[in-house]
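# A closer look at the structure
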Amino acid sequence: MDTLRLLFPPNSFILLAFILGLPLLGAFINGVFGKRLGKQAVSIAGLAAVGVPFLMSVVAFVMLHATQKGEEPARFVWTAWRWLNLARLNGDGEMAVPLDVAFSIDALSGTMALIITGIGFLIHLYSTKYMEEDPGFHRFFAYLNLFIFSMLVLVLGDSLPVLFVGWEGVGLCSYLLIGFWFTEQKNAAAGKKAFITNRIGDFGLLVAMGLLLYYTGALDWAGMDAKRTALLGQQQIWPLVGDQIWFAHFLPDGLAEWLSKPRYVSPATLVGLALFLGCAGKSAQFPLYVWLPDAMAGPTPVSALIHAATMVTAGIYLVCRMASIFVLSPTAMMVVALVGAFTAFFAATIAFAQNDIKKVLAYSTVSQLGYMFMGVGVGAFSAGFFHVMTHAFFKACLFLGSGSVIHAMHARIHNSDASQDMRNMGGLKRFMPITFATFAVSWAAIVGFPLTSGFFSKDEILFKTYTSYIVGVGATDESAWPRWVSLVVFGLAVMGAAMTAFYMTRLVVGTFFGEFRGWTIVKGFQSAHGHDDHTHGDHAHDAHASAHDHLHAVQDAHGHDDHHGHEHNHGPMEGPEPHESPWQMTLPLVILAALALIGGALNANAVGFHWLDTWLDPVFATAKNSVKSIEGAEHLHHTLLIPGLLAFTLGVGAAYWVYVMQKGDPARRLTEQFPRLHQWAVEKWRVDELYEETVLGAVDTLAEIAVWVDKYVVDGIVARLTSGVVAFSGYVLRQFQTGRVQTYAAVMVIGLGAVGWHFVVPHTEVLTKVSPSGDKELQAPTGFGYSYEWDKNGDGKVDSTARTLQLTSTEAGSTVRLRVTNVFGTMREREIKPPAADGTLTLRSTPSVTGIRPSTLIGEGAR
């Protein structure tokens, strides 16, 4: 250990550079050179880029464990370089806030790094066989490595801006991986949906960073924690400007007074709600959950990676990381808990009606994320994070197990929708014993089977939701939550647990029990092309599938419509026995199932094991000062096991009775009795349709307005008008550009004549200068051979022959006459009237003695 400390000192923990750099290097190698390296080299590079960081994370974890003593948290930091200085305005003026590209690891981020790299490595191993036949094999592994790198940046970043880089990185990678098979429109649309929905949440995170910078002057974890009390107090948020709303004088006095009444909120509440908006987008909470079920469009390993180890856990991690900020606002914490509880219940109602094996698991993830937010929302940060860990074990196993099932179904059914439909499965436990066993263990964990990991983590959340509440810093119990909040959250949590047990049991029964419904099994089956269809693997549903696979896809699509597995107009479809997956796919299942089974021992508070609580307590020490428990909570731990056990028993028992004992008849009768309600559940309560009519409809309307403006204003007026002026000018000029020399000569003669006329005719413009005393100086123009005659009082006598004429203030009111004669003897006269009321002079030309009548110029004032 001493050697490791010498190599990697805590204040310059460069091991983090290797943990972060290797996945990025793997992404670069596979992305740039992967096509030339071959699949075996791509697999080795991809696995090493995640496996080696996992071993390094273990080393860092062991060093942390050896360093952390008692209540003092251990943190190792590595600063790469100074990023920039942020300008912050405060009461004393502008000041600079330095921001470094720095990374740190403590108990919380160290545990997350183990989950990300450990489960990520198993998913990479699984993918080497699952994606073996895909032509984008190297691209897929480049994206996976980049995903792991982005998630590590997110959890190891030592400040919110560095975390935000990883936050956006996982958003980009989710877009790339969800839409990996982008040649199909629905896959590309799913990737865009995930990307855009997450941008809504990202706006909240950006706002939170701005508020934190303004109030605390820091964005790194230590700085924000030290100055967090600056978020206390009150901030007026209404009216936005001034003392009253701008339209108050149009309203009755009473209503105007009520609307203009100042409203105040704690800055901590603003920050907490803005942060939670970001968390809700990334971790798929209502109403921003809609992207996650559609993320099933990507390959199954992507689903496992997103749902278990990376993206959706980012929101929970951020709440845990910012726990000391969140607890400053009981209101924000209450919102987190209530939204989590509603999401857990709401998603479970949708999962009831889904038949796609991956969609059921997707809505299960949304529901389980709700449980995690319930835990952290009531201040049970260790319990919420513990459920992140156990959920990573059993949900990764469930998704990879579903991929194994889909892999087997693609032996004959190459259409992706049909191969994932549970109604085309059944009886697979006979053919896929390893997949079934691992799937069953993970099912036991998610439904809360006693002594499994999910039982302990969900039990702890149920206990905390009932007994815990938040009080503000320095506040009393009178300012805490109303009791009904805890009761509502607890009630929704118990109902959600029962519903989870029901639909997950339905999933297992429909997939692995009963008779196989995919096709008629024929021993030694050979396809019409003379080879066993087993060789086609799971990837024929890719846009690059062969023509043979496409033919089967068309046939299977018809067979799927009536859910009996019959080919359209070809009689019963025959095929080989479904087969177990290769060891590269089953080994990760076995490891994850083992962790799902025994992982609860890390924090089994119900039986006295609380290692994770002890490990994370120093990280949450500050936040726990604001978390209180109801009286007698310590005696309710075993009592509150009963609701969870009842939920498990009722959910599993009801599903067993409906789908095993009654063969699904009660469910069919219920759907026939309430067809519209069932259809709404199938269509996910039409939340997507609501967004299409409101949000997307508004955006479409705005786009149509923009198109109209572009077409008729920009193109019609600006572009066409200017082009019309140019075209007309060109038309006029073309009349003179005839190409005839005599025409050009005539124009030149006329032009020379006009120029000559200008010089022949004398000019009489007068420049007037006024002094402060009121005296004026009249100045005639210069010209070749010009002579001047001034008559300054209008008596017909010449008073001056100079170019300039001086007028005193007493003479300034007289009418002045000017006569100009040029060298040709041509003469012009001008009469200069006294100043008008506005101070201008009136100048009037008179005919010359030679009969030339010059133009009249009016309005040249004193300059």
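Keep in mind it's a predicted model, so treat the numbers as computed, not measured. (Residues numbered from 1 in each chain as written. Predicted model: local features only at pLDDT ≥ 70, side-chain atom pairs only at ≥ 80, totals over all residues. Heavy atoms only, no water.)

Looking now at the overall build of the chain. Within the chain one finds 31 helices and 17 strands. A total of 863 residues make up the chain; the buried ones form 51% of that total. Once local pairs closer than 6 in sequence are excluded, the contacts in the chain between residues at least 24 apart make up 75%. Carbon together with sulfur atoms contributes 64% to the accessible area of the chain, which is approximately 38,000 Å² in total. (Helix = DSSP H or I, 4+ residues; strand = E, 2+ residues; numbered from the N terminus. Buried < 20%, exposed > 50% of the residue type's maximum accessible area, 1.4 Å probe, protein only. Contact = heavy atoms within 4.5 Å. Areas by Shrake-Rupley, 256 points an atom, 1.4 Å probe, with all protein chains shown as cover.)

All chains considered together, the criterion is met by 18 salt bridges. Across the salt bridge formed by D688 and K684, the nearest N and O atoms sit 3.7 Å from each other. Using a relative accessible area of 15% as the deciding quantity, one classes D688 as buried. Among the salt bridges present, the one from R817 reaches E831, with a minimum N-O distance of 2.7 Å. (Salt bridge = Lys/Arg side-chain N within 4 Å of Asp/Glu carboxyl O.)

This part covers the nonpolar core. Membership of the largest hydrophobic core comes to 210 residues, with the highest contact counts inside it found for L160, W291 and M322. A per-element tally of this core places helix 17 (residues 381–409) first, with 18 residues. Other than its neighbours up to four places away in sequence, L160 contacts L205, M209, L212, L219, W221, M224, L318 and M322. (Core = buried A, V, L, I, M, F, W, Y, C linked by side-chain atoms within 4.5 Å.)

The next thing to look at is helix 16 (residues 357–377). In an α-helix, one turn spans 3.6 residues, which is why side chains three or four residues apart end up on the same side. For helix 16, which comprises 21 residues, the first-to-last C-alpha distance of 30 Å matches the rise-based estimate of 30 Å (1.5 Å per residue) to within 8%. Across the 21 residues of helix 16, 20 count as buried, placing the element largely inside the fold. Its side-chain oxygen at 2.9 Å from the backbone nitrogen of K358, D356 defines the N-terminal cap of helix 16. (Expected span 1.5 Å × (residues − 1). Polar contact = N/O pair within 3.5 Å; in protein donor to acceptor, adjacent residues only side chain to side chain.)

In this model, helix 17 (29 residues) spans 41 Å end to end at C-alpha, consistent with the 42 Å of a helix rising 1.5 Å per residue. The largest bend along helix 17 reaches roughly 30° and is located at H391. The buried count for helix 17 comes to 29 of 29 residues, which makes it a mostly enclosed element. (Bend = angle between axes of the 7 residues up to and from the residue.)

For the rest of this paragraph, the subject is the environment of F381. Locating F381 in the fold gives a position in helix 17. For the pair F381 and K464, spaced 83 residues apart in sequence, the C-alpha separation works out to 9.9 Å. Setting aside chain neighbours within four positions, we find F381 in contact with V319, C320, A323, V327, M333, G375, V376, F620 and A623.

Taken together, I705, W708, V709, Y712, V713, V714, I717, V718, L721 and V725 make up a surface patch of nonpolar side chains, about 880 Å² in accessible area. Among the secondary structure elements, V725 is positioned in helix 30 (residues 695–736). (Patch = residues over 30% accessible without salt bridge, like charges linked within 9 Å, V, L, I, M, F, W, Y side chains within 5 Å.)

Pairing is antiparallel across the open sheet formed by 3 strands, whose spatial order is 11-12-14. With one partner strand each, in any of the chains shown, strand 11 (767–770) and strand 14 (804–807) form the two edges of the open sheet. Taking the axes of each pair of neighbouring strands and ignoring which way they run, one obtains an average angle of 15° across the sheet. Bridge count between strand 12 (residues 776–779) and strand 14: 4 bridges; the pairing is antiparallel. Considered in strand 14, the bridge of Q779 is made with T804. (Pairing = 2+ DSSP bridges. Axes fitted to C-alpha atoms, helices over the stretch in contact; angles between N-to-C directions.)

Turning next to the environment of G794. With respect to the element layout, G794 can be found in the loop between strand 13 (787–791) and strand 14. Each C-alpha atom, one on G794 and one on T815, is 6.0 Å from the other, the two residues being 21 residues apart in sequence.

Note on terminology: a disulfide is the covalent bond linking the sulfur atoms of two cysteines. Taken as a whole and judged by the stated rule, the model has 0 disulfides. Looking at the unpaired C279, the closest cysteine sulfur is the one in C320, lying at 9.4 Å. When its relative accessible area of 0% is taken as the criterion, C279 is described as buried. (Disulfide = S-S within 2.5 Å.)

Take the confidence of the model for the chain next. Averaged over every residue, the pLDDT of the chain is 86; the share at 70 or more is 90%. Within the model, pLDDT remains below 50 along residues 529–571, and this stretch shows 83 contacts once partners closer than five positions in the same chain are excluded. (pLDDT = per-residue confidence, 0-100.)

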